[in-house]
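Take a look at the letters that make up each chain.
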Amino acid sequence: MGFQTERVRLNELINSLETFLLGKFSNKKLICYGASSLWTDINRIVAIDDLVEFFVDGDNSRWGDEYFGLEIRSPEVLSDMDKSEYSVVVLAGAVEEISGILEKMGWEKNVNYFDIYQYIHIYREMSYGPINKFLRFLKTVPSEMKNVPVREDSERIGIVLNAEGLNFGTTYMPYEISLFLILKWRGYNVKLIVDRLHWDGDIELYEGHCAVCDNLRDVVIGKLENLVPEDDILYIDPVGDTELSLEDEKECERIAEYSVRWSKWYNDWNSRFRSGKLLQDEFAGIFKRNLSYINTFFEKNHFDTINAMTALHKIAGVYYYAGRKRNIRVSSQDGMQGSTLICANGPASYGKDIPIFFEEMWEVIGNKEEILDRVEQMWKKRRWAFCESNRMSFDEYIKLRKEKGYENVSFQAPETELEQTYDVIIPMNLSNDGAALGVDTIFDNMEQWLKQTLDFVIHKLNATVLIREHPSMMLLPSYMAKSELCTVYPEILKQYEGNKLLRYVKSEEQINLYQYIEHCKVLIPWASTVGMEAGIMGKNVLVHTNVYYENAIFACRAYTREEYFEKLEKCITCGEFLAGNKQQAYEEALRYFYYTMNRRLKTDFTIVSSFDSPWKFNSFGELIKAEGIDEVVQIVAENVPSVYLIEEQRKRLGEL
């Protein structure tokens, strides 16, 4: 792409893309499909206005009008156009639909018709400032870095770097490289695993995005290679693929399924215009291909632990699976301004460090009673915290959470006199919630779980159900709200329309869920924190997923569908408290609730997914002294449960 070695430049990228496309168009005249309002933006990237003969558009009310001095015609005229003389450039987002129309007329993609709408992301989805700042940061890394002796007690650690993380933020690559440098400076046996595979960038954003990321990565790695020994940087390339097992293929298909759910929810650029089935097939193909290369790499290179990006979809999902099948511990982190969600074991949002902490360290904690007293007070505040959430934006909600603390902000309306109570309560997670995405369940998927549960409770037991959508969904952009149950699986609810045994509460409805929990017989979460709150309130919590509190005393875990329905019937018809000792269950639920509400490490060293939070550090010396660095090192390199260290940090900072 011709980037300068000391700095990456947007203008050089645009020049390269424009030259590339003009070469494809050759000397043909152009027809624009879609009289798009983004035409001026696209024309700034690929200046082709002098080559365009006319527009076509599917809106028949515009036929015959002029757009930027050119006539708008019906797409039907393309049937008779000379393809040796003309090329079509697509300027509309519905590329999949338009491609079908063009291909029926004999036009061939990337031969005589081209999607250039995708290139609007050149301006919108990439910020180069943090990368250029990081290049200057690397100049401050001490020359002694090459000669730091390795600790004898260190496990072999791999930090996975893939530049396509730039799809979502500006500090993924700087974070991962810096984490590698911090661990190396501290004497750990660490390697940087540079993933040079192509994943979803060309699909989600624009064709050529992966090449852009490759060049950014190579510029940065070129600088890094001068700072560390050559054998400290390992590469995963698309070579030496191994045959996948049936289990491998099924897992890739599973990861693809919830990767599409994430993409559709998040409204990623091209995925919003593509069918879920096509996108899922493409993702599955990419994951299978890349897993074969990753398998080859780990067959040749042994690691005790690796660190990968957060959650359990796309790249992260594949690496988490690859590590898990080899008994490699996988740590991860998620970013936000001023704090990070980090976990020594598994996806950061899964919270698996919490049960590990209780199993390995709780007995040696000296202030158990103090913690229980504190969480009881915390729970009382949350139980009675009312929030007029329908009057605020999501940004205002986040600000309120920062001011008052997450545990003190609730989406509950004030209590009112109930007209009806419900036997079963089902609190839904956000569809992209990292804690809910890809969790294992005894059902094939969420749809099957809901269908069979409603059928059993309503038709067999004649009992009542309340389904509560996650109320924060109302604060999100409208395209994200489309992931509510009534939109994603409308057929589930349709058959119960008018049935008083089921109440479906959409996100914008103001209710006090705690009030309904007080009167229910069982609460069934997918991965919701409401499960712990119901445990505190002395209610049966029936768990069918591997949510992190699945083995807690307050949770009643079912391992088969038969067991699930048996226990569900007991809860409803017999009124039994299946967890056993109510006091023990109460105290366990309090502990889980406390550490769930307090599992964000305070630090500016984060993977941040927004352009308004760029790379913060000017020098390596500044970074290694930053708040939270010692904790990050212990979590990633020494397998210390994150919640323990976060509690210790809160004590040190005087917050307790």
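With that settled, the discussion passes to the overall build of the chain. Across its full length, the chain holds 25 helices and 19 strands. Here the C-alpha radius of gyration of the chain, 27 Å, is about what a compact globule of 656 residues would show, namely 26 Å. Sequence-distant contacts, at least 24 apart, represent 74% of the contacts inside the chain between residues at least 6 apart. When the accessible surface of the chain is totalled, it reaches about 27000 Å², and 46% of it is carbon and sulfur. Positive and negative charge centroids in the chain, built from 75 and 102 side chains respectively, lie 3 Å apart.

Within the largest apolar cluster, 205 residues are counted, with the highest numbers of intra-cluster contacts made by Tyr 549 and Leu 568. With 10 residues, helix H10 (residues 276-300) is the largest single contributor of residues to this core. Beyond its immediate stretch of four places on either side in the chain, Tyr 549 contacts Pro 525, Ala 527, Ser 528, Gly 531, Met 532, Val 541, Val 543, Phe 554, Ala 555 and Tyr 592. If you look at the next biggest cluster of nonpolar residues, it comprises 16 residues, including Phe 54, Val 56, Val 88 and Ala 92.

With mixed pairing, 6 strands are arranged side by side in an open sheet as S3-S4-S2-S1-S5-S6. Of all strands in the sheet, those bounded by a partner on one side alone are strand S3 (66-67) and strand S6 (113-115).

In this section: helix H11 (residues 314-324). The buried count for H11 comes to 10 of 11 residues, which makes it a mostly enclosed element. If you check which residues of H11 are buried, you get Lys 314, Ile 315, Ala 316, Gly 317, Val 318, Tyr 319, Tyr 320, Tyr 321, Ala 322 and Gly 323.

Further remarks concern the packing of aromatic side chains. Taken as a whole, this structure holds 40 aromatic pairs when the rule is applied. On the numbers, 6.0 Å between centres and 45° between planes, the contact of Tyr 422 with Tyr 516 is tilted. With Tyr 422 in the loop between helix H14 (394-404) and strand S13 (424-427) and Tyr 516 in helix H19 (residues 513-519), this residue pair connects regions lying 94 residues apart in the sequence. Plain terms: the ring middles of Trp 615 and Phe 617 are 5.4 Å apart, the flat faces sit at 70° to each other, and that makes the pair edge-to-face. For the pair formed by Trp 615 and Phe 617, the shared burial category is buried. Ring-pair connections join several aromatic residues into one group, and the members of that group are Phe 357, Phe 358, Trp 362, Tyr 548, Tyr 549, Phe 554, Tyr 592, Tyr 594, Tyr 595 and Tyr 644. When the ring centre of Trp 362 is taken as origin, the NZ or CZ atom of Lys 368, which lies over that ring, is 5.8 Å away.

Take the pairing of strand S14 (residues 465-468) next. Of the two faces of S14, the one lined by Val 465 and Ile 467 and the one lined by Leu 466 and Arg 468 are each fully buried. Bridge count between S13 and S14: 4 bridges; the pairing is parallel. Its bridge partner being in S14, Ile 425 is matched across the sheet by Leu 466. Where the polypeptide runs from S13 across helix H15 (residues 446-460) and back to S14, its parallel neighbour, the crossover connection is right-handed. Pairing analysis gives 4 bridges linking S14 to strand S15 (residues 502-505), with the strands arranged parallel. By the bridge assignment for S15, Arg 468 is matched with Val 505.

To continue, consider the pattern of salt bridges. This structure, assessed with the given rule, holds 39 salt bridges. For Lys 352, the salt bridge is made with Glu 550, and the minimal N-O distance between the two is 3.9 Å. Pair noted here: Lys 352 is in the loop between strand S12 (339-343) and helix H12 (353-360) and Glu 550 is in the loop between strand S17 (540-543) and strand S18 (555-557), with a separation of 198 residues, a long-range link. Each member of the pair, Lys 352 together with Glu 550, is buried. With a shortest N-O distance of 2.9 Å, Arg 383 and Glu 415 are connected by a salt bridge. Placement of Arg 383 in helix H13 (residues 368-383) and of Glu 415 in the loop between H14 and S13 is noted, with a sequence separation of 32 residues between them. The exposure class assigned to Glu 415 is partly exposed, which follows from its relative accessible area of 35%. When salt bridges that share partners are traced, they join Glu 370, Arg 374, Lys 602, Glu 647, Arg 650 and Glu 655 into one network.

Another point: the packing of helix H9 (residues 246-266) against H11. Contact geometry for H9 and H11: axes closest at 9 Å, N-to-C directions at 150°. In terms of orientation, H9 and H11 fall into the roughly antiparallel class. Between H9 and H11 lies a crossing whose hand is right-handed. Contacts between H9 and H11 pair Glu 247, Asp 248, Glu 251, Ile 255, Ser 259, Trp 262 and Ser 263 from the former with Lys 314, Gly 317, Val 318, Tyr 321 and Arg 324 from the latter. Classifying every residue of the contact of H9 with H11 by side-chain character gives 4 nonpolar, 3 polar and 5 charged.

With that settled, consider helix H24 (residues 629-638). Along H24, 7 of the 10 residues are buried, which leaves the element largely enclosed by surrounding structure. The set of residues buried in H24 consists of Ile 629, Glu 631, Val 632, Val 633, Ile 635, Val 636 and Ala 637.

Another aspect to go through is the pairing of S12. Counted residue by residue, S12 has 5 buried out of 5 residues, so it is predominantly covered. Burial of the side chains of S12 extends over both faces: Ser 339, Leu 341 and Cys 343 are buried on one face and Thr 340 and Ile 342 on the other. Alignment of strand S11 (residues 329-336) against S12, held across 5 bridges, turns out to be antiparallel. By the bridge assignment for S12, Met 336 is matched with Ser 339. In this structure, the hairpin formed by S11 and S12 is closed by a connection of 2 residues, where Gly 338 is found at a positive phi of approximately 80°. Pairing of S12 with strand S19 (residues 600-602) involves 3 bridges; the strand directions are antiparallel. Bridging across to S19, Thr 340 finds its partner in Leu 601.

Definitions and cut-offs
Residues numbered from 1 in each chain as written. Predicted model: local features only at pLDDT ≥ 70, side-chain atom pairs only at ≥ 80, totals over all residues. Heavy atoms only, no water. Helix = DSSP H or I, 4+ residues; strand = E, 2+ residues; numbered from the N terminus. Rg over C-alpha atoms; globule rule 2.2 N^0.38 Å. Contact = heavy atoms within 4.5 Å. Areas by Shrake-Rupley, 256 points an atom, 1.4 Å probe, with all protein chains shown as cover. Lys, Arg positive; Asp, Glu negative; His and termini not counted. Charge placed at Lys NZ, Arg CZ, Asp CG, Glu CD. Core = buried A, V, L, I, M, F, W, Y, C linked by side-chain atoms within 4.5 Å. Buried < 20%, exposed > 50% of the residue type's maximum accessible area, 1.4 Å probe, protein only. Pairing = 2+ DSSP bridges. Phe/Tyr/Trp six-rings, centres within 6.5 Å; stacked < 30°, edge-to-face > 60°. Lys NZ or Arg CZ within 6 Å of the ring centre and 35° of its normal. Right-handed = clockwise from strand over helix to strand, strands pointing away. Salt bridge = Lys/Arg side-chain N within 4 Å of Asp/Glu carboxyl O. Axes fitted to C-alpha atoms, helices over the stretch in contact; angles between N-to-C directions. Parallel < 35°, antiparallel > 145°, perpendicular 65-115°, else oblique. Left-handed = near helix turned anticlockwise from the far one by under 90°. Nonpolar A, V, L, I, M, F, W, Y, C, P; charged D, E, K, R; others polar.

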